[in-house]
Amino acid sequence: TQLLEQSPQFLSIQEGENLTVYCNSSSVFSSLQWYRQEPGEGPVLLVTVVTGGEVKKLKRLTFQFGDARKDSSLHITAAQPGDTGLYLCADKPKTSYDKVIFGPGTSLSVIP
Amino acid sequence: DAGITQSPRHKVTETGTPVTLRCHQTENHRYMYWYRQDPGHGLRLIHYSYGVKDTDKGEVSDGYSVSRSKTEDFLLTLESATSSQTSVYFCAISDSLNTEAFFGQGTRLTVV
């Protein structure tokens, strides 16, 4: 059974600071996704990465997929209070019936 | 926003009573999922469906059953609620293996 770990579990920073959160898998990712969940809402997809070494940017967010496709990082530049939320990584295995497996998440709080 | 509606949004019930949560979609997506979210555990899959009357168990299915008699509705039933089933429940939908999962806003269930 695949296990996803995320670190740190909690992160509290001041507005304007940079930060990086991490996601590691016990096995190779098929297709890695990052979601953000705001308080009281369901998760929303930020990005999907598929190829080892892939880097994707979404405004101030930079997503990197490890060469071996077993780890990923999310870097946020100049964090803003609107970035506050739970960041979840997930794997969509290429097995039947399309089950998404989620990590436990990193809870980010950006203080104005 | 994807058309997903969960009902009820909040519920308090007594131990031993049956409870049914409803997920309704207007997107005609094939796959539907029920997750529970608990602190430190992220999202854990309870049951999922890959078509009308086609369902299967996820990683935490004990004490839960599901039904999908129509494409748009996916019901989650707690046959005899226990305090350990106090959680936030999310429904999600997706169209195919390569598309994102869209989440509902969640149902907060408290079993007293």
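Everything numeric in this text was worked out from a predicted model, so none of it was measured.

**Examining the environment of valine 66 of chain B**
Residue and element names in this part refer to chain B.
Next, step 1: Its place among the elements puts valine 66 in strand β7 (residues 64-70).
Next, step 2: Residue classification places valine 66 among the buried residues on the basis of a relative accessible area of 19%.
Next, step 3: Taking C-alpha positions, valine 66 is 6.0 Å from threonine 77, a pair spaced eleven residues apart along the chain.
Next, step 4: When neighbours within four sequence positions are excluded, valine 66 is seen to be in contact with Trp34, His47, Thr55, Phe74, Leu75 and Leu76.

**Focus on the interface of chain A and chain B**
Next, step 1: Between chain A and chain B, the residue contacts involve 20 residues of the former and 23 residues of the latter.
Next, step 2: Scanning the region where chain A abuts chain B turns up three residue pairs in polar contact (both at pLDDT 80 or more).
Next, step 3: Sorting elements by how many residues they give to the side of chain A that touches chain B places strand β4 (residues 32-37) of chain A first, with three residues.
Next, step 4: Looking at the side of chain A that touches chain B residue by residue, the class counts come to nine nonpolar, seven polar and four charged.

Definitions and cut-offs
Residues numbered from 1 in each chain as written. Chains lettered and ligands numbered in written order. Predicted model: local features only at pLDDT ≥ 70, side-chain atom pairs only at ≥ 80, totals over all residues. Heavy atoms only, no water. Helix = DSSP H or I, 4+ residues; strand = E, 2+ residues; numbered from the N terminus. Buried < 20%, exposed > 50% of the residue type's maximum accessible area, 1.4 Å probe, protein only. Contact = heavy atoms within 4.5 Å. Polar contact = N/O pair within 3.5 Å; in protein donor to acceptor, adjacent residues only side chain to side chain. Nonpolar A, V, L, I, M, F, W, Y, C, P; charged D, E, K, R; others polar.

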